[in-house]
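Letter by letter, the chains look like this.
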Amino acid sequence: MRGSGEGSGEGANGGGRPGSRLWAPALANLLIGVVAVAPGWCVWWLVTQYPLLRCGERACVPDAAEPAPVIAGGAALGGLLVLGLILMVDVLMPRQEGWRTGTWLGMAVLVPVPFVAGRALGWF
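The notes below deal with the structure included here. This is a predicted model, so every value here is computed, not measured. (Residues numbered from 1 in each chain as written. Predicted model: local features only at pLDDT ≥ 70, side-chain atom pairs only at ≥ 80, totals over all residues. Heavy atoms only, no water.)

### Some details on the packing of helix H2 (residues 37–48) against helix H6 (residues 113–121)
When two helices pack together, their arrangement is given by the angle between the helix axes and the distance between those axes.
Logical step 1: Across the interface, H2 lies against H6 with an axial gap of 9 Å and an inter-helix angle of 60°. Of the possible angle classes, the one that applies to H2 and H6 is oblique. Where H2 crosses over H6, the two elements pack in a sense that is right-handed. On H6, the residues that touch Val37, Gly40, Trp41 and Trp44 of H2 are Pro114, Phe115 and Arg119.
Logical step 2: Of the residues that constitute the contact of H2 with H6, the class distribution is five nonpolar, one polar and one charged. (Axes fitted to C-alpha atoms, helices over the stretch in contact; angles between N-to-C directions. Helix = DSSP H or I, 4+ residues; strand = E, 2+ residues; numbered from the N terminus. Parallel < 35°, antiparallel > 145°, perpendicular 65-115°, else oblique. Left-handed = near helix turned anticlockwise from the far one by under 90°. Contact = heavy atoms within 4.5 Å. Nonpolar A, V, L, I, M, F, W, Y, C, P; charged D, E, K, R; others polar.)

### Here we look at helix H4 (residues 68–97)
Logical step 1: Between its first and last C-alpha, H4 extends 42 Å over 30 residues, near the 44 Å set by a 1.5 Å rise per residue.
Logical step 2: Of all bends in H4, the biggest is about 30°, found at Met88.
Logical step 3: Of all the residues in H4, the buried ones are Ala68, Ile71, Ala75, Gly78, Val82, Ile86, Val89, Asp90 and Pro94.
Logical step 4: A positive phi of about 80° marks Gly98, the residue just after H4. (Expected span 1.5 Å × (residues − 1). Bend = angle between axes of the 7 residues up to and from the residue. Buried < 20%, exposed > 50% of the residue type's maximum accessible area, 1.4 Å probe, protein only.)

The values are spatial; any link to function lies outside them.
Next comes the structure, spelled out in structure tokens:
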């Protein structure tokens, strides 16, 4: 009999529902983190490289900071996209499915992992 818990994949750690196990929120937030690499790079560039482009050792070069408005726009639009994805995946979807929202929001700390790993490995 499938409803009794035997043979139906239901265990003690989550009742067999994908949203109640830890791998589903972890994987979803890591995938959001892959999307967040682009706005993360834009913010990183604005914080670390943009101040260095404006003035050199001898003189300020106004054309050197030409891509800054585009990169700032990419950071803003990409950041809004990532926040929207986090809202949908970590708040709205678990509430609709009846899963624990706290588990999904707790796994949101994994969103910056792809960017940090890429920076540590020197990919960008």
